[in-house]
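One letter stands for each residue in the lines below.
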Amino acid sequence: MDARQFIAARKHGYRSGLEHKVSQYLDNYRIKYKYEAIKIEWEDLAYRTYTPDFVLKNNIIIDSKSGYSGAGRGVHKKHKNDNLYESLSVYGISVHRHN
C-alpha cells in the first residue's frame, strides 16, 4: 500500500487500504456491517484477545489480510501486476488447511 492509500484509509477510520476497500465493497452491495465491534477473548497458555475487522448483520465475521502465504504464493506471482482487490472471494471454507 502506498502512502496515499494509507492516508485515505486512515481518513475513513480504517487501519489499512484493504480494510477500506472491503468496506467500500460491502457498502456498494448495501451489506450492513459493524467495524471492529467485538472482541473475542480466550485463554490457552495466556489470556488473548482478537478483534475481527467486520461483523455482518448475520454474525459472519470478515477479517481482511493483505499479503500472501505459501498457499497463495503461486497466484500472487501469476497476478502480481493485476489489481486483485476488485475480486473478493473465499476459498477452502470446508477444509482447514493449517494443522
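For the structure itself, look to the data block above.
Small disclaimer: the values here were computed from a predicted structure and weren't measured. (Residues numbered from 1 in each chain as written. Predicted model: local features only at pLDDT ≥ 70, side-chain atom pairs only at ≥ 80, totals over all residues. Heavy atoms only, no water.)

**What about the nonpolar core?**
Nonpolar side chains in soluble globular proteins generally cluster together in the buried interior. Counting 7 residues, the largest nonpolar core consists of Ala9, Tyr14, Leu18, Val22, Leu26, Phe54 and Leu56. The element best represented in this core is helix α2 (residues 17–28), accounting for 3 residues. Residues contacting Phe54, with those up to four places away along its chain left out, are Tyr14, Glu19, Val22, Ser23, Leu26, Tyr33, Lys34, Tyr35, Ile60, Ile61, Ile62 and Ser64. (Core = buried A, V, L, I, M, F, W, Y, C linked by side-chain atoms within 4.5 Å. Buried < 20%, exposed > 50% of the residue type's maximum accessible area, 1.4 Å probe, protein only. Helix = DSSP H or I, 4+ residues; strand = E, 2+ residues; numbered from the N terminus. Contact = heavy atoms within 4.5 Å.)

**Quick word on the sheet that holds strand β5 (residues 61–62)**
Ordered in space as β1-β4-β5, the 3 strands form an open sheet in which the pairing is antiparallel. Of all the strands in the sheet, just β1 (33–35) and β5 have a single pairing partner and so form its edges. When β1 meets strand β4 (residues 54–56), the two strands line up antiparallel, connected through 3 bridges. Within β4, the position partnered with Tyr35 by the bridge is Phe54. Relative to the sheet, α2 contacts β1, β4 and β5, its axis offset from that of β4 by approximately 20°. (Pairing = 2+ DSSP bridges. Axes fitted to C-alpha atoms, helices over the stretch in contact; angles between N-to-C directions.)

**A few points about the packing of aromatic side chains**
For the coordinates displayed, the defined rule picks out 5 aromatic pairs. Arranged with centres 4.7 Å apart and planes meeting at 80°, the rings of Tyr14 and Tyr35 form a pair that is edge-to-face. Here Tyr35 lies in strand β1 and Tyr14 lies in the loop between α1 (3–11) and α2, a separation of 21 residues in the sequence. A centroid spacing of 5.4 Å and a plane angle of 75° characterise the contact between Tyr33 and Phe54, whose relative ring orientation is edge-to-face. Placement of Tyr33 in strand β1 and of Phe54 in strand β4 is noted, with a sequence separation of 21 residues between them. Of the residues examined, Phe54 reaches a relative accessible area of 0% and is grouped as buried. (Phe/Tyr/Trp six-rings, centres within 6.5 Å; stacked < 30°, edge-to-face > 60°.)

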